[in-house]
Amino acid sequence: MKHLAAYLLLGLGGNASPSADDIKAVLSSVGIEADDERLEKLLSELDGKDINELISEGSQKLASVPSGGAAAAAGGGAAAAGGAAAEAPKEEAKEEEKEESDEDMGFGLFD
């Protein structure tokens, strides 16, 4: 990821085709050591390709990936239904209480 970020920074700076040395210079300027193997792989995969087109293609692919938005939309429809929706928040509140009691066991995941 750090190699790609440096590549993109160089592209934004006007270097349309950054070399391995350019990327290493950017990374070393902030105290990061470049991994030669990953850097060469990245450059070989991006060789001869327009980064803006790749980003556009990736965005289109991500747009087709399903996300959790459908559940939220269904919840909004249930709220408009009337009486049944009034019962749902009570059930959710009970579930939240159970979750809170699980969290309060005297220790945490990162303690």
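Up top is the structure.
Residues numbered from 1 in each chain as written. Predicted model: local features only at pLDDT ≥ 70, side-chain atom pairs only at ≥ 80, totals over all residues. Heavy atoms only, no water.

## Details of the overall build of the protein
Here is step 1: A tally of helices and strands in the protein yields six helices and zero strands.
Here is step 2: For the protein, the α and β elements follow one another from N to C terminus as α-α-α-α-α-α.
Here is step 3: Burial analysis of the protein (111 residues in total) assigns 14% to the buried set.
Here is step 4: When the accessible area of the protein is evaluated, it comes to approximately 8,900 Å², of which 55% is carbon and sulfur surface. (Helix = DSSP H or I, 4+ residues; strand = E, 2+ residues; numbered from the N terminus. Buried < 20%, exposed > 50% of the residue type's maximum accessible area, 1.4 Å probe, protein only. Areas by Shrake-Rupley, 256 points an atom, 1.4 Å probe, with all protein chains shown as cover.)

## Description of the environment of alanine 20
Here is step 1: As for its placement among the helices and strands, alanine 20 is situated in helix 2 (residues 20-29).
Here is step 2: The class of alanine 20 is buried, set by a relative accessible area of 14%.
Here is step 3: Linking alanine 20 and glutamate 40, residues 20 residues apart in sequence, is a C-alpha distance of 7.3 Å.
Here is step 4: Setting aside anything within four residues of it in sequence, one finds alanine 20 in contact with Leu39, Glu40 and Leu43. (Contact = heavy atoms within 4.5 Å.)

In short, the description is geometric, and any link to function would need to be established separately.
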